[in-house]
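# Structural characterization, general
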Amino acid sequence: MNGPPRERRRGGRLRAERLRFDGWIAGTGTASGTRIVLGHWPRSPFGPFSDVMLERPDGERLLLAPTRQTADFVSGTYVFDTVRVVPVEVRVYGETWTVSAGPLDLRFATGRRELLGLLLRAVPGGLARQPVWCALLSLPARVLLPGVRTRGSARAGRREWYGARDLRPIRSVSAVFEGVDLGAMAPVVPPVRFGFGSAPRRPALTKVTTTVAVESASEDSSSTRSATA
């Protein structure tokens, strides 16, 4: 599906679809205090795309997204102070990821999987897509990866579930924002404040299936029905 989310009419109600995004989330801090979260989605309801969320040392939360459609959806799910529509390009060469997103140039390299990453790789894709599975992992995730949530509420009544399928540590980072070097890799501290979840405190790259349920809108069958754009 390459168009925007659609609601389905059933029994006098408009029921929202569950939208699934398959890809990778990378989170890192920098010595300057800017924290960066990259979402790279080869499969999504909007087609392949990538977006970047930053929280600056002064607390400004910034979204960099490649189209107005993706910017509207992401900013309708998470909280930002500033949204910019800019080209976002991600290139992967082995363990090295290079990201160009408007004012941001980011490069990071991953290391070997550790035990948790090896265990997550054994999770079948079909299971990772199940909200029940994500709910079962909620408590272990909080214990093993401080700052991480696998389910929760988002903006506009939306619900989200994160099903992780791989985890690799990030070993090195270089980042330049608006021509200023952001410094060496650092923990994601303090936690970013985009939504209910966060990136792990320790910089990492996670393969994940994210499921977003958009709040359904009901209709009263006894009242006059109207549609709004």
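The text that follows walks through the structure, step by step, so that each part is easy to find. (Residues numbered from 1 in each chain as written. Predicted model: local features only at pLDDT ≥ 70, side-chain atom pairs only at ≥ 80, totals over all residues. Heavy atoms only, no water.)

## Overview of helix 1 (residues 68-77)
Selection criterion: Accessible area is worked out with a 1.4 Å probe on protein chains only. A residue is then buried under 20% of its type maximum, exposed over 50%, and partly exposed in between. In this description a helix means any DSSP run of H or I spanning at least four residues, a strand means any run of E spanning at least two, and both kinds are numbered starting from the N terminus.
In terms of residue burial, helix 1 counts as a mostly covered element, since seven of its ten residues are buried. Along helix 1, the positions that sit buried rather than exposed are T70, A71, F73, V74, S75, G76 and T77.

## Regarding the packing of aromatic side chains
This is how it is decided: Pairing of aromatic rings covers Phe, Tyr and Trp, the last through its six-membered ring, and needs centres within 6.5 Å; plane angles under 30 degrees mean stacked, over 60 mean edge-to-face, and all others mean tilted.
Taken as a whole and assessed by the stated rule, the structure comprises nine aromatic pairs. Measuring from ring centre to ring centre gives 6.0 Å for F21 and W41, while their planes differ by 70°; the resulting arrangement is edge-to-face. You can see F21 sitting in strand 3 (residues 18-30) and its partner W41 sitting in strand 4 (residues 35-43), a full 20 residues away along the chain. Of the residues examined, W41 reaches a relative accessible area of 8% and is grouped as buried. Measuring from centroid to centroid gives 5.6 Å for W97 and F108, while their planes differ by 15°, and the two rings are stacked. Separated by eleven residues along the polypeptide, W97 in strand 9 (residues 96-101) and F108 in strand 10 (residues 104-110) bring together distant segments of the chain. You can call W97 buried: its relative accessible area is 5%.

## Considering the pattern of salt bridges
Stated precisely, the cut-off is as follows: By convention in these notes, a salt bridge is any Lys or Arg side-chain nitrogen within 4 Å of a carboxyl oxygen on Asp or Glu.
A full pass over the atoms with the stated rule returns ten salt bridges. E55 is the salt-bridge partner of R193, the closest N and O atoms lying 2.7 Å from each other. One end of the pair, R193, is in the loop between strand 14 (185-186) and strand 15 (204-213); the other, E55, is in strand 5 (residues 49-55), with 138 residues separating them in the sequence. Classification of R193 as partly exposed rests on a relative accessible area of 41%. Across the pair R61 and D81 runs a salt bridge whose closest N-O atoms are separated by 3.3 Å. One end of the pair, R61, is in strand 6 (residues 61-65); the other, D81, is in the loop between helix 1 and strand 7 (82-85), and 20 residues separate them in sequence.

## So, unusual backbone geometry
For the bond from V189 to P190, the omega torsion is -5°, close enough to zero to count as cis. Position of P190 among the secondary structure elements: in the loop between strand 14 and strand 15. Located in the positive-phi region is E178, a residue other than glycine, with phi close to 50°. Looking at the secondary structure, you find E178 in the loop between strand 12 (159-177) and strand 13 (180-181).

## Overview of the side chain of T210
For clarity, the cut-off: By definition, residues are in contact when any of their heavy atoms lie within 4.5 Å.
Among the structural elements, T210 can be located in strand 15. When near neighbours in sequence (up to four residues on either side) are disregarded, T210 contacts L19, R20, F21, I25, W41, E160, W161 and Y162.

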